[in-house]
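Report on the structure
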Amino acid sequence: VDEIALKDVPAMLQLVKYHSGSKAKIIYIGHSLGTTAALMYASEYSDAAANTVGLFVLLTPAYKLTHMRSPYRFVFPLLYPVLQITNALNITPPLSRSNARNLTQPLCLSSPPMMLLCLNALNLFLGPFTQIAPETIPVYFNQIPGGTSLKTFSYLTEATRGRFRKYDYGPGRNRFLYGNDTPPEYDITKIKVPVYIMYAAHDWSITKEDSVNLYNSLPKEVRYGMHEVSNINFNHYDFLFGRNSKQLVTDKLLQVLEKATG
């Protein structure tokens, strides 16, 4: 996650600035892990972010996830021994895009009952009720899982423990990289870019409590606003795939963007 936030995000923003030819600041809209990268980038490079980004719009922001209701939170601590083994043996990441889809697509797209079974299993993490229409499930599982790395996924373990810090390589390498046995925390109080947050009340992975905690932890001068999607059948991925996401998310975002650029 550190590399996404501190290398990829600045590179992408510079690319946008270069090709747009505009001197105006960029509006950054992120969802889930995309919000994590934004918060890390703006904490670490606060001045550069303030000069480049005019507004961060964070949809269901992944910060400290101490109130996660998903039962999968109890699986996350098992990632560390797996990570140590795969690193030691130089094994191809099992969560890469191709590997993940080779496992899920033959199973989840084999029949309508299996599609529903896979969707319900995924919703144990996202929230029990969803707006995803039955006819869009084949499209859904052709896109998900998108692939990730175990190091990136292990961020969730840290977040559920209330940590928002750089990657933990172990005491030896931590001392070499960070000058300390433990990784440093990202200090979000250094953020200078206005932040707007939208969350879903019935999201099991990123809860209302954690979203409000993030908002209240930001400097007062950058709290641009917060909005709750209160519909009971609206979970983490409905921001992207929900049948009513236009009315519940996009239309509201357009109002925020018009205000920010007006």
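The text that follows walks through the structure, step by step, so that each part is easy to find. (Residues numbered from 1 in each chain as written. Predicted model: local features only at pLDDT ≥ 70, side-chain atom pairs only at ≥ 80, totals over all residues. Heavy atoms only, no water.)

1. Describing the overall build of the protein chain
Within the protein chain one finds 13 helices and four strands. Scaling as 2.2 N^0.38, a compact globule of 262 residues should have a C-alpha radius of gyration of about 18 Å, and the protein chain matches this with 19 Å. With respect to the principal axes defined by its C-alpha atoms, the protein chain has extents near 50 × 50 × 35 Å. A burial count over the protein chain gives 43% of its 262 residues as buried. Restricting the contact set of the protein chain to residue pairs at least 6 apart, pairs at least 24 apart contribute 75%. Total accessible area on the protein chain stands at roughly 13,500 Å², and carbon and sulfur atoms take up 58% of it. On the protein chain, the mean spot of the 25 positive side-chain charges and the mean spot of the 19 negative ones are 2 Å from each other. (Helix = DSSP H or I, 4+ residues; strand = E, 2+ residues; numbered from the N terminus. Rg over C-alpha atoms; globule rule 2.2 N^0.38 Å. Buried < 20%, exposed > 50% of the residue type's maximum accessible area, 1.4 Å probe, protein only. Contact = heavy atoms within 4.5 Å. Areas by Shrake-Rupley, 256 points an atom, 1.4 Å probe, with all protein chains shown as cover. Lys, Arg positive; Asp, Glu negative; His and termini not counted. Charge placed at Lys NZ, Arg CZ, Asp CG, Glu CD.)

2. Looking at the nonpolar core
Residues Tyr-28, Phe-56, Leu-58, Tyr-155, Phe-164 and Leu-214 are the most contacted members of the largest nonpolar core, which totals 50 residues. Contacts of Leu-58, omitting those with residues within four sequence positions, involve Gly-30, Thr-35, Ala-38, Leu-39, Val-195, Tyr-196, Ile-197, Met-198 and Leu-214. With 13 residues, the next largest nonpolar core counts Leu-59, Met-198, Val-229 and Leu-248 among its residues. (Core = buried A, V, L, I, M, F, W, Y, C linked by side-chain atoms within 4.5 Å.)

3. Some points on helix H13 (residues 245–261)
Taking 1.5 Å of rise per residue, the 17 residues of H13 would be expected to cover 24 Å, and the 23 Å separating its terminal C-alpha atoms lies within 8% of that figure. Residues of H13 that are buried include every one of Ser-245, Leu-248, Val-249, Leu-253 and Val-256, and no others. Within H13, the buried residues cover an arc of 105° as seen down the axis, which keeps them to one side. The exposed residues of H13 that point more than 90 degrees off its buried face are Gln-247, Glu-258 and Lys-259. Against strand E2 (53–59), strand E3 (195–200), strand E4 (223–229) and helix H12 (238–241) lie the buried residues of H13. (Expected span 1.5 Å × (residues − 1). Arc of directions from axis to C-beta.)

4. Thoughts on the pattern of salt bridges
Across all of its chains, the model carries nine salt bridges by this definition. In this structure, Lys-192 and Asp-47 form a salt bridge, with 2.3 Å as the shortest nitrogen-oxygen distance. Of this pair, Lys-192 sits in the loop between helix H10 (171–178) and E3 while Asp-47 sits in helix H3 (residues 46–52), and the two are 145 residues apart along the sequence. The partly exposed category is assigned to Lys-192, whose relative accessible area is 47%. Between Arg-175 and Asp-181 there is a salt bridge, with the nearest N and O atoms lying 2.7 Å from each other. The class for Asp-181 is partly exposed, based on a relative accessible area of 37%. One connected set of salt bridges, linked through shared partners, spans Glu-158, Arg-161, Arg-163, Arg-165 and Asp-168. (Salt bridge = Lys/Arg side-chain N within 4 Å of Asp/Glu carboxyl O.)

5. A look at the packing of helix H1 (residues 2–20) against helix H2 (residues 33–44)
Close contact between H1 and H2 brings their axes to 8 Å; oriented N to C, the two are set at 80°. Here H1 is positioned roughly perpendicular relative to H2, judged by the angle of their axes. Here H1 contributes Asp-2, Ile-4, Ala-5, Leu-6, Val-9, Pro-10 and Leu-13 to the contact with H2, which in turn contributes Ala-37, Met-40, Tyr-41 and Glu-44. Of the residues in the contact of H1 with H2, the class split is nine nonpolar, no polar and two charged. (Axes fitted to C-alpha atoms, helices over the stretch in contact; angles between N-to-C directions. Parallel < 35°, antiparallel > 145°, perpendicular 65-115°, else oblique. Nonpolar A, V, L, I, M, F, W, Y, C, P; charged D, E, K, R; others polar.)

6. A short note on the packing of aromatic side chains
Tallied over the full model, the rule gives eight aromatic pairs. Ring centres of Tyr-63 and Phe-164 lie 4.8 Å apart, and the angle between their planes is 65°; on these two criteria the pair is classed as edge-to-face. One end of the pair, Tyr-63, is in the loop between E2 and helix H4 (79–89); the other, Phe-164, is in the loop between helix H9 (155–160) and H10, with 101 residues separating them in the sequence. One exposure class covers both Tyr-63 and Phe-164, and it is buried. Put simply, the rings of Tyr-63, Tyr-155, Phe-164 and Tyr-186 pair up and form one aromatic cluster. Note that Arg-173 overlies the ring of Tyr-169, its terminal NZ or CZ placed 4.2 Å from the centroid. For the cation-ring pair, Lys-259 lies above Tyr-224, with the distance from its terminal atom to the ring centre recorded as 5.3 Å. (Phe/Tyr/Trp six-rings, centres within 6.5 Å; stacked < 30°, edge-to-face > 60°. Lys NZ or Arg CZ within 6 Å of the ring centre and 35° of its normal.)

7. Describing unusual backbone geometry
Positive phi values are uncommon outside glycine, yet Ser-32 reaches one of about 60°. When you line up the elements, Ser-32 lands in the loop between strand E1 (26–31) and H2. Of the residues examined, Ser-32 reaches a relative accessible area of 17% and is grouped as buried. Despite not being glycine, Thr-60 has its phi angle at roughly 45°, a positive value. Relative to the assigned elements, Thr-60 resides in the loop between E2 and H4.

8. Brief notes about the sheet that holds E4
Strands pair in a sheet through their backbones, by hydrogen bonds, and they do so in one of two ways: parallel or antiparallel. Overall, parallel pairing links the four strands, which are arranged E1-E2-E3-E4 in an open sheet. Pairing within the sheet leaves two strands with one partner each, and these edge strands are E1 and E4. In this sheet, neighbouring strand axes are inclined to one another by 15° on average, regardless of whether the strands run parallel or antiparallel. Pairing between E2 and E3: four bridges, direction parallel. Paired with Leu-58 across the bridge in E3 is Ile-197. (Pairing = 2+ DSSP bridges.)

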